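# Coordinate inspection notes
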Amino acid sequence: MSNQGARRRAGTASTPPVTWPVWSGSPPGVTDFFSPRQETGYGLDSGPAEVMQRSGGDQQALTVLVGPSGYGKTYLAAAVLRAAARSGRSDLQVWVNGSSPSAAVTGYARAAADIGLTDRGVVPDVAAARFLEWLSRTDRRWLVVLDNVTDAGGLRGLWPASMAGQVLVTCHPSADLSEIAAAGPRVCRIGEFSPREALGYLTARLYEDSGKRAEAVDLAADLGYMPLALALATTTIAGTALDCRQYRIRFADRRQELLGRSVDGSVSPAEVAWSLALDRADQYPPAGLARPLLALAALLDPAGLPVQVAASRATCGYLARHGRGMPADQQEVMTTLGGLEQCGLVAIDQTAGSGLVAVHPVIQDTVRRLVPARVLDDAARSAADAIAEVWPQLEGDPEDEQALRGCAGWLGGIAGDLLWLPEPHPVLIKAGQSLGQAGLAGAAVAYWKSMLAASGRALGPEHPRTLAIRDQLAAACEDAGRLDEARELILISLAEREQVQGPDHPGTLTARTTLARIYRATGMYESAIDVYGRVLADREWVLGPDHADTLGVRSQLAGTYLLAGEADQAIALYQRNLADWEQVAGPEHPDVLAESLNLGRAFQQASRTDEAIAIFVRVRKIRETTLGQDHPDTMTAVSQLALAYRAAGRLKEAIALYRQVLASRETVLGANHPDTLTALGNLASCFHTAHRMKDAIPLYERVLTARDQLQGPDHRETLTARGNLAGAYHSAGRLADAIPVYERTVSDFERVLGPDHPDTLTSRANLAHAYYMARRLSDAIKLLQRTIADCERALGPDHPLTLTITDNLRTITRLRRIGGADDRPKTTPQSAPHAA
C-alpha cells in the first residue's frame, strides 16, 4: 500500500445505545422571529407529511429549494427539519453539507455513528455506504437535507433512496441538477419575501420596541424584501438607537456612496446593509480588527471555518499588519468575532466540531469585491498559513478535518495562482493527503486530478511539483483500487521524469519503484520483477549495495519472486540482504528481524519448514525480550511461527499460538481492529486445516461481517474473507451455502480486481469445484474452460495456477465420461488471511 493509503482504524469503544428519534448534523439556528413564509414558502414549514409530496406512487419524495444566495432557502430547510422533529412524523433528521462529495460522505458517516450503525473510527466511505444502504431498507421514517448542492452529478452514488424517506435539497439556480431530473423532484423556487411577510419579519424582529417600526413598510421595500438584507438591517436597528426611518436615511446615503464605487453601476440591498452593519462592528473594541478579520473569513468555506483558524498566530500576524498597526492576540480575535456575530456578519456554531465560524456567501462576495486587492492577497496567504498551522491540532476529528479541507478547497479556488507561485502552498498538498488518510478514496482522486490540472497551468507540465502531484494522483488511484489508472499515470510520470530529471534521479527511481509495486498488485509478476530488477541495479549504482534504499528494493524484489512462485530466487536475495543488513545494523536491529521473517516465509514456501521454524522461534524470543509479549511486532513473529507449525502439521501448537495472538490483539487493539480480524481469520483457517469446521465457520462468519461493516464490501480483505467462508462451507459439505457465496465472491473479484487477476481466477476455480461437487458438471466444465483461457493469457501456460486448473478440467472431463465420482479434482486455496 502506498503512503497515501494510511487509514484511520476502528476504535475500541462500544457503540452506545440509540434513543429514537435521532438528530444528526448542524443546521443553522432558527430564531424566534424566523418567518415561516406562508405566502412564498410553499407551505414547507408545515411539516413533512404536508410538504414532501411524491410526484407519483413509485417515486421517493424529493424536494428541491432553488434560489439565489441570501433569500433564505437554507433557513427554510432548517425549519422543515425542525418541523419534522416537532411533528413526531420522522424518526431520523439528518443535516448534510452537500457542497462536495467528501463533505456529504463525512455527514453520512456522522449519521451512521449517531444511529449506532458504525463506530466513529470506521472509514468514512464505508460508514457512508452502510448508512445509505440502511436508509434504503429501513422501515423507520427519515428526512435528509442536502444543503448547498452545487453539482448533483458529483454526488452520484450518494443520493439517499427509499419510499420510507424524504430528501430535501437546497441549491443555487446555477447548480446542475440533471442527475436527479429523472426522480421527478418537486422544485420550489425561493425568492424574496412578499410585502406582508417582510413586514411580519420586521415587526417580529423589532417587537420589543414598537417605536422603531415607523416606516417599516418603506424600509422593507428599500431592502427589496430580501431576507438577508432584512436580517442585517433589523440586527443593526435592534442593536443601536436607530429606528426604521433613520436607518432608511443612512441606507439611501450609503447606497449612493457605493454606487459611485461600483464597476457595473449596481448595488444590492444586502451590500448596503452589510456596509452599515460593518460600521457598527467597527465601533466594538478592539478597534480596527473587524474589517480585516471579515476579509480573511470571506476567502474560506461559507459552511464554516474552525475557530482555531481565526485565532491562529498567522491570523493574528495578518491582523497586526492590516488592523490597528499593533500586535493582536487570540483573545482580541475572539472578542472581534463576538462583535461580528452581534452585528449579524458571522454565525458561530459551537455544536459543530471544535466550533465553526460561518459567513454568508453574499457577505463573502461583497467583502471580496470591496476590500483592496493587496489586503485580500495577504489575507489569502495568511489564511493558508493559518489552516496549515492548526491542522495538526485538529487532526483526528472528522468534522474539523472536513472543515479544514473545505476551507483549503474554497481558498484554492478563489486565490488561484497566488497559492501556486513560486511553489504550491503546503496546505494544498495537505488537503489532498487528508482525503486519502480519512479513507475518502474517490474524493482524493478527484482532488488530485484538479490539482494536477492547476499545477500544469501555473507551473507547467514538466515542473517537479507537477510531476510530484501526478504521483500523488497515481497513489490515490492505487488506494481506490483503480490500478489501471494508477499504472498509466506512473508510466507517464516515469517517462517525463526520465526525460526531465534523468534515469538516475531519485524521483525517477521512486516512480519506477511505484510502477513495479502496481505491477505486483495487479498480478503482473514478470513485469514487476523486470522493473524491480532495473530499480535495484540503479540503486546499487547510485547509492551503493548497502544503502537502506537499496536493501529495501532488494527485499521487494525478493517478495515478488516469492509471489511468482520462485521461492529459490527469493531465498537467495533475502539471504544476501540479511547478511548486508546485519553487517550494517547488527543482528537484532528491527529491520534485520523483519527481513529474517521474510526469509522464514520464503523457506516455508519452499517447504523448508524446519529452517523457517528456527528463524521464527529466534525472532519471537528477541522481540519478547526487547519489546514485550503484547507488542505488535512480537505478535507478528508469534503469528508467523503459528503458520509454520500449521504447515508442519503441528496443529495443536499452531492453534494455541493463534489463540495467544488473538487474545493479545483484542486486548491491545480492540475487537474490531483490522489486525484483530486478521488474527481471528488465522485461527479460523487453522481450525479449517484441522477439519474442525464447527469451530472454523462461526469465526469466518464473524470476520466477514466485521470486515464488511468496517472496511466495506469491495475491500480486498472483505473479498478474501467472503472467499474463505465459501471455502469453509464447501469443506463442510454445505454446498447450498457455499455456491451463492462463491458466486458473489467471483462477481466481486471480477468487478474490483478484473477478470485476469490471480485472485479472480482462483475464486472461479473454487466455484467450478463446488459446481462439480453439486453434480453441475456442465457448469463446472464451462467455467474451468473460460478460466484456463484467462490463466494462459494473463499468467502463461506453465504458471502453477494454470496447470492446477487444467488438471482439474481433465479430471472432471474424464469422470464425466466414465461416470465416476471418487477421484475428485483439487481445490485451490483462496488468498489466506495470514498477514504480518
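Above this note sits the structure.
Residues numbered from 1 in each chain as written. Predicted model: local features only at pLDDT ≥ 70, side-chain atom pairs only at ≥ 80, totals over all residues. Heavy atoms only, no water.

## A short note on unusual backbone geometry
P286 follows P285 through a cis peptide bond whose omega is -5°. Among the structural elements, P286 can be located in the loop between α9 (269-282) and α10 (290-297). Cis geometry is found at the peptide bond from L421 to P422, where omega equals 0°. Take P422: it is sitting in the loop between α16 (398-415) and α17 (426-437). Located in the positive-phi region is Y42, a residue other than glycine, with phi close to 60°. Mapped onto the fold, Y42 is located in the loop between β1 (22-24) and α1 (48-51). In this model, S607 sits at a positive phi of 65°, which is unusual for a non-glycine residue. Among the secondary structure elements, S607 is positioned in the loop between α25 (590-605) and α26 (609-626). By relative accessible area, which is 60% here, S607 ends up exposed. (Helix = DSSP H or I, 4+ residues; strand = E, 2+ residues; numbered from the N terminus. Buried < 20%, exposed > 50% of the residue type's maximum accessible area, 1.4 Å probe, protein only.)

## Let's talk about the packing of aromatic side chains
Taken as a whole and judged by the stated rule, the model has six aromatic pairs. Measuring from centroid to centroid gives 5.8 Å for Y108 and F131, while their planes differ by 35°, and the two rings are tilted. Taken as a pair, Y108 in helix α3 (residues 101-114) and F131 in helix α4 (residues 124-137) lie far apart in primary sequence, 23 residues in all. The class for Y108 is buried, based on a relative accessible area of 0%. Overall, the relative accessible area of 0% leaves F131 in the buried class. A network of ring pairs unites the aromatic residues W20, Y108, F131 and W134 as a single cluster. In this structure, R140 packs its charged tip against the face of W20, placed 4.1 Å from the ring centre. (Phe/Tyr/Trp six-rings, centres within 6.5 Å; stacked < 30°, edge-to-face > 60°. Lys NZ or Arg CZ within 6 Å of the ring centre and 35° of its normal.)

## Structural notes on a nonpolar patch on the surface
Judged by side-chain polarity, W541, V542 and L543 come together as a nonpolar surface patch covering roughly 340 Å² of accessible area. By the secondary structure assignment, V542 is in helix α22 (residues 525-543). (Patch = residues over 30% accessible without salt bridge, like charges linked within 9 Å, V, L, I, M, F, W, Y side chains within 5 Å. Areas by Shrake-Rupley, 256 points an atom, 1.4 Å probe, with all protein chains shown as cover. Salt bridge = Lys/Arg side-chain N within 4 Å of Asp/Glu carboxyl O.)

## Some words on the pairing of strand β3 (residues 92-97)
Burial of β3 is extensive: five of the six residues sit out of reach of the surface. The pairing of β3 with strand β4 (residues 142-147) spans six bridges and is classified as parallel. Pairing of N97 across the sheet is with D147, part of β4. (Pairing = 2+ DSSP bridges.)

## Things to note about the environment of A214
You can see A214 is positioned in the loop between α5 (195-205) and α6 (216-222). Taking the C-alpha atoms as reference points, A214 and F251, 37 residues apart in sequence, are found 15 Å from one another. Residues within four places of A214 in sequence aside, it is in contact with C244 and R245. (Contact = heavy atoms within 4.5 Å.)

## Some thoughts on the sheet that holds strand β6 (residues 186-189)
Pairing between the strands of a sheet is mediated by backbone hydrogen bonds and can be parallel or antiparallel. With respect to topology, six strands assemble into an open sheet ordered β1-β3-β4-β5-β2-β6, the strand pairing being parallel. For this open sheet the edge positions go to β1 and β6, each flanked by a neighbour on one side alone. The sheet shows a mean angle of 15° between the axes of neighbouring strands, taken without regard to direction. Both β1 and β3 contribute to a ladder of three bridges, which runs parallel. (Axes fitted to C-alpha atoms, helices over the stretch in contact; angles between N-to-C directions.)

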